[in-house]
Amino acid sequence: MIDLSNYTIDQLTQLQSKVNNLISNYSDGHIYICKVRSYGRNWNENWIKNTKTLQDLCNEYGGDDGIVDVFTTNKDLGEDFSNYGDTMIIKSLEDYEKWSKYKSLTNRIERAEKELIESKGERESYNPFILNGRRSYFDPTYTQDEIDQMKEELKNLPSDFEEPVLFI
């Protein structure tokens with residue numbers, strides 16, 4: 001072990017910075033895709049390369065300040081790993097990307113169809129001031145033709161992927 005008692009605070013700070021960079025840049029060979037949700041904002045943290053930095057991120061957003069959903073190829077996170085959000089095991093980055101695109105388009109189609117049905121109901125019970133107990137200011141985001149185009153696009157997406165599996 002190195003005796004650090006004779007180091008100045010500047011030397012210790014430089015050493016700390018070097019060690020933190022080594023830890024952050026250390027790759028254990030697994031993929032970690034982290035989707036953070038905090039106070040209405042959503043973003044991805046794709047710089048995570050090991051379980052130490054993964055756990056640090058999950059601790060930072062441990063429920064009070066946000067939630068991290070983790071998608072990883074690492075099936076052996078260890079019994080000390082804890083996360084407030086979902087932790088999902090993926091086969092590969094390619095499978096994750098195919099699944100993510102498929103899931104996103106499926107969700108968009110479902111929301112668009114629901115919105116279109118609701119807007120038709122509003123038009124049938126049209127009152128210029130109040131529609132179904134609330135004012136309607138906008139037409140649906142998507143037309144039926146656009147929904148049909150999305151469904152056609154969905155049919156043409158690759159479906160040869162493994163869906164993420166919940167890590168227990």
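Model, not experiment: these values are computed from the prediction. (Residues numbered from 1 in each chain as written. Predicted model: local features only at pLDDT ≥ 70, side-chain atom pairs only at ≥ 80, totals over all residues. Heavy atoms only, no water.)

### Re the packing of aromatic side chains
Taken as a whole, this structure holds five aromatic pairs when the rule is applied. Between the aromatic rings of F71 and W99, the centroid separation amounts to 5.8 Å while the plane-to-plane angle is 45°, which identifies the pairing as tilted. Of this pair, F71 sits in strand β3 (residues 67-72) while W99 sits in helix α3 (residues 93-124), placing them 28 residues apart in sequence. For the residue pair F71 and W99, the accessibility class agrees, reading buried in each case. For W99, a relative accessible area of 14% gives the class buried. Aromatic ring contacts, followed pair by pair, group F71, Y96 and W99 into a single cluster. (Phe/Tyr/Trp six-rings, centres within 6.5 Å; stacked < 30°, edge-to-face > 60°. Helix = DSSP H or I, 4+ residues; strand = E, 2+ residues; numbered from the N terminus. Buried < 20%, exposed > 50% of the residue type's maximum accessible area, 1.4 Å probe, protein only.)

### Some words on the pattern of salt bridges
One pass over the structure, following the stated rule, counts eight salt bridges. A salt bridge links D69 to R37, with the nearest nitrogen and oxygen atoms 2.9 Å apart. One end of the pair, D69, is in strand β3; the other, R37, is in strand β1 (residues 32-38), with 32 residues separating them in the sequence. A residue is classified by how much of its surface remains accessible, and D69, at 13% relative accessible area, is buried. Of the charged contacts in the structure, one is a salt bridge between K52 and D56, with a shortest N-O distance of 2.9 Å. (Salt bridge = Lys/Arg side-chain N within 4 Å of Asp/Glu carboxyl O.)

### Some points on the nonpolar core
Grouped together as the largest cluster of nonpolar side chains are 13 residues, with contacts concentrated most on C34, L54, L57 and V68. Elements with a contribution of two residues or more to this core: β1, α2 (51-60) and β3. In this structure, L105, I109, L116 and L154 belong to the second largest nonpolar core, which totals eight residues. (Core = buried A, V, L, I, M, F, W, Y, C linked by side-chain atoms within 4.5 Å.)

### Let's talk about unusual backbone geometry
Of note in the backbone geometry, Y39 takes a positive phi value of approximately 50° without being a glycine. Tracing the backbone through its elements, the reader meets Y39 in the loop between β1 and β2 (41-45). Residue Y39 is classed as exposed on the basis of its relative accessible area, which comes to 66%.

### Details of the side chain of T87
Mapping T87 onto the fold places it in strand β4 (residues 87-89). We classify T87 as buried; its relative accessible area is 7%. A polar contact is formed between the side chain of T87 and the side chain of N83, at a distance of 3.0 Å. In contact with T87, not counting residues within four places along its chain, are V70, L77, F81, V165, L166 and F167. (Polar contact = N/O pair within 3.5 Å; in protein donor to acceptor, adjacent residues only side chain to side chain. Contact = heavy atoms within 4.5 Å.)

### Regarding the side chain of N83
Its location among the elements puts N83 in the loop between β3 and β4. Here the side chain of N83 touches V68 through a polar contact of 3.0 Å, landing on its backbone oxygen. A polar contact is formed between the side chain of N83 and the backbone oxygen of D86, at a distance of 3.4 Å. Discounting residues that sit within four places of it in the chain, N83 has contacts with C58, V68 and V70.

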